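# What the coordinates show
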Amino acid sequence: MPSEAPTTTTTVPTVDVLIVGAGPTGLALAVDLARRGTRALVVERGTALFPGSRGKGIQPRTQEVLYDLGVLDAARAAGGPYPRNMIWKDGRQLGEQSMFDTVEPTEAAPFTAPLMVAQWRTQEVLYERLRELAGEEASSPVAFERELTGLVQDADGVTAGFAAGPPVRARYVVAADGGRSAVRRLVGIGMTGETVDPDPILVADVQVSGLDRGHWHVFPPAEDAAAGTAGGSTAGGSTAGFLALCPLAGTADFQLTAQFPAGTAVDTSPDAVRKVVAARSHLTAEQVTGVGWASAFQPRMALADRFREGRVFLAGDAAHVHSPAGGQGLNTSVQDAYNLGWKLGAVLSGAAPESLLDTYEEERLPNAADVLGLSSSVHRGETRRGRATVQLGIGYRESSLTAETRPGLPPGSLHAGDRAPDGARGAVRLFDAFRGPHWTLLTVGTTTPVPDLPGVPVVRIPPYEAYGTGVFLVRPDGYVGWAGVTAEGVEGYAVRVGATRAAD
């Protein structure tokens, strides 16, 4: 393991968790830890937060996470709904298409449509929430211009060294520093991947005149336009020549996406961006009145060999890299943070044994592998966006943390390990009852006695079809951890997983 970082701890600043990377993953984790009173430091190699729109889709399950973190209203104000596609050919509108299959909201799942928020806006929302939790005395919740250069682990913690500034000592380190993660390299974790599409993609934030902001404007290659399609990728096909301009809700920008033939060296300069628009649409180069952030990439998928090395954890793109199709990457990343945050909090508070942290990789690595396959399938045009991509069906039934003690459940029943549904019964809204860093003991349609679990509120509601009847111990990340006909056995489970001091 590299030894660039100093091993002395006598004068090194100490935190509970060092988070490397101030993208959505790192900021979401920092917010979750801050509300638990955990000392965390976010370091970012850049001079400021990432400036581009890149990951702009907030899926329904992530909206539930943002609701719990107290930022969903701010995220909605920063963005808006996805528009329908408007297909163009030779300056004429051919018609509209919906990119998503509609999923109707229900009482149990109130958020079913993706929310469009430019990534830089999502980061601002999380950053402001972190500032709020840090208090007025904190000048900034992120240390910018702190490029990680070394990590040294020992039995008690990790010492991190930087290109500039003093080293930092932490009990745990979380890599949230993207697909080219320095942390992953420093701890020697490999990553296996493959190219999803040989055709490189240009993406940029631009200002455009002459297009309405009520549609996602799609300019397919000639053969796709003639067929009246949006030019989505298909297995064995190519979308080279494709151009799309999506109005970014909550901003004055459009996100430009353009694909090029395999092997093209994509020019990201403002002049080149303008030329692409003029060549592939009825707009002139002069109608591109501004070009902000621009980048080029080749769609690929990759998965880290493991998500943990001692006291160091990988999260977000540091652990898994997705095709942008289907809007799965940012969402899976935020949910990594949401899974890890409560576990770090429980271990650091002394409520749970250190072995609880082993369940992070156990739960998230197979989940990420499944979502990588879905992202690639959407990219190739094999799977429609909609019910498959909202992430409401993700769960942990096979986890060692899951305890389902009710025998003979009928097919389709809520099971321990599943997402805990929302709903309102009397004065109780379940998402409000679950909201916060605590576990929740829920009884549904039963008056069976339950034990007093310190720090765990008890919520009783009448029968509710989304749950059936029984006793449910809901995890801080909104999944059912334990379920039973009565409360017999729940106390032992709560002690094992550190639930009884989760709110301390």
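Details of the structure are given in the entry above.
We now turn to the structure provided with this report. Everything numeric in this text was worked out from a predicted model, so none of it was measured.

Parameters and conventions
- Starting from 1, residues in each chain are numbered consecutively following that chain's sequence as written.
- Given that this is a predicted model, residues contribute local features only at a pLDDT of at least 70 and side-chain atom pairs are listed and counted only at 80 or more, while totals for whole chains, interfaces and linings are drawn from all residues.
- Hydrogens and water molecules were not included; the side-chain quantities draw on all heavy atoms of the structure.
- Residue burial is assigned from relative accessible area. The probe radius is 1.4 Å, only protein chains are included, and a residue is buried under 20% of its type maximum, exposed over 50%, and partly exposed in between.
- Only DSSP runs of H or I reaching four residues or more are called helices, and only runs of E reaching two or more are called strands; each is numbered from the N terminus.
- Two strands are counted as paired when DSSP detects at least two bridges linking them.
- A clockwise course of the path from the first strand over the helix to the second, judged with the strands pointing away from the viewer, identifies a crossover as right-handed.
- A cavity here means a set of points on a 1 Å grid, drawn over the protein atoms and nothing else, where a 1.4 Å probe fits but cannot get out; a pocket is an open set with protein on both sides within 12 Å along at least five of seven lines, and a residue lines either one if it has an atom within 4 Å of a point.
- Grid points are joined across faces, edges and corners, and a volume is the space filled by probe spheres set on the points.
- Gly is put with the polar residues, along with every residue not named as nonpolar or charged; the nonpolar set is Ala, Val, Leu, Ile, Met, Phe, Trp, Tyr, Cys and Pro, and the charged set is Asp, Glu, Lys and Arg.
- By convention a nonpolar core is built from buried Ala, Val, Leu, Ile, Met, Phe, Trp, Tyr and Cys residues, the set being connected through side-chain atoms within 4.5 Å.
- When checking whether two residues touch, look at their non-hydrogen atoms; a contact exists if any pair is within 4.5 Å.
- Only the contacting stretch of a helix is used when fitting its axis, a line to C-alpha atoms as for every element, and angles between N-to-C directions run 0 to 180 degrees.
- Roughly parallel means an angle under 35 degrees; roughly antiparallel means over 145; roughly perpendicular covers 65 to 115; every other angle is labelled oblique.
- In this scheme, a crossing is called left-handed if the near helix is turned counterclockwise away from the far one by less than a right angle; it is called right-handed if the turn is clockwise.

### As for unusual backbone geometry
Here Asp90, not a glycine, exhibits a phi torsion of approximately 55°, which is positive. Its relative accessible area of 66% is what places Asp90 among the exposed residues. A positive phi angle is found at Glu145, which is not glycine, with a value near 55°. Considering the arrangement of structural elements, one finds Glu145 in the loop between strand E8 (142-144) and strand E9 (148-153).

### Remarks on the sheet that holds strand E18 (residues 300-304)
Read across the sheet, three strands follow the order E12-E18-E21 without closing on themselves; strand pairing throughout is antiparallel. A strand with exactly one partner marks an edge of an open sheet, and here the two such strands are strand E12 (191-195) and strand E21 (320-321). The sheet contact formed by E12 and E18 spans five bridges and is antiparallel. Paired with Thr192 across the bridge in E18 is Leu303.

### A few points about the pairing of strand E2 (residues 40-44)
Where strand E1 (residues 14-20) and E2 come together, four bridges link them in parallel fashion. Within E2, the position partnered with Leu18 by the bridge is Leu41. Handedness of the crossover joining E1 and E2 through helix H1 (residues 24-34): right-handed. Across three bridges, the pairing between E2 and E8 is parallel. By the bridge assignment, Val43 is partnered in E8 with Ala143.

### Some remarks on the layout of surface pockets
Each pocket or cavity is described by its volume, and for the second largest pocket that value is around 390 Å³. In terms of lining residues, the second largest pocket is bounded by 20 residues, among which Ala108, Ala109, Leu392, Gly393 and Arg419 are the most central. Counted by class, the lining of the second largest pocket contains 10 nonpolar, six polar and four charged residues.

### A look at the nonpolar core
Ranked by internal contacts, the top residues of the largest apolar core, which has 109 residues, are Leu18, Leu151, Leu344, Leu442, Tyr467 and Leu473. By residue number, the principal contributor to this core is helix H8 (residues 329-348), which donates 10 residues. In this structure Leu344 touches Val17, Leu33, Tyr172, Val174, Phe313 and Leu357, once residues within four positions along its chain are discounted. Membership of the second largest hydrophobic core comes to 20 residues, among which are Ala204, Phe254, Val277 and Val288.

### Observations regarding the packing of H1 against helix H4 (residues 119-134)
The interhelical angle for the contact between H1 and H4, taken along N-to-C directions, is 20°, at an axis separation of 9 Å. If you check the angle between H1 and H4, you find them roughly parallel. Once H1 is placed against H4, the crossing between them reads as left-handed. In contact with Pro24, Leu27, Ala28, Ala30, Val31 and Ala34 of H1, H4 contributes Gln119, Gln123, Leu126, Tyr127, Arg129, Leu130 and Leu133. Residue composition of the contact of H1 with H4, by class: 10 nonpolar, two polar and one charged.

### Some remarks on the side chain of Glu64
Structurally, the position occupied by Glu64 is in helix H2 (residues 60-69). You can call Glu64 buried: its relative accessible area is 4%. Not counting residues up to four positions away in its chain, the partners in contact with Glu64 are Phe111, Leu392, Arg419 and Phe431.

### Let's talk about empty space enclosed by the protein
All chains considered together, the criterion is met by two cavities of 30 Å³ or more. There is about 130 Å³ of room inside the largest cavity. Around the largest cavity, the lining comprises 15 residues; the ones closest to its centre are Asp68, Tyr338, Phe431, Phe434 and Gly478. When residues of the lining of the largest cavity are traced back to their parent elements, those giving at least two are H2 and helix H10 (430-434). The element that contributes the greatest number of residues to the lining of the largest cavity is H2, accounting for five residues. Of the residues belonging to the lining of the largest cavity, the class tally is seven nonpolar, one polar and seven charged. Each pocket or cavity is described by its volume, and for the second largest cavity that value is around 50 Å³. Lining the second largest cavity are Arg61, Val65, Gln335, Tyr338, Asn339, Arg364, Tyr396, Asp477 and Tyr479.

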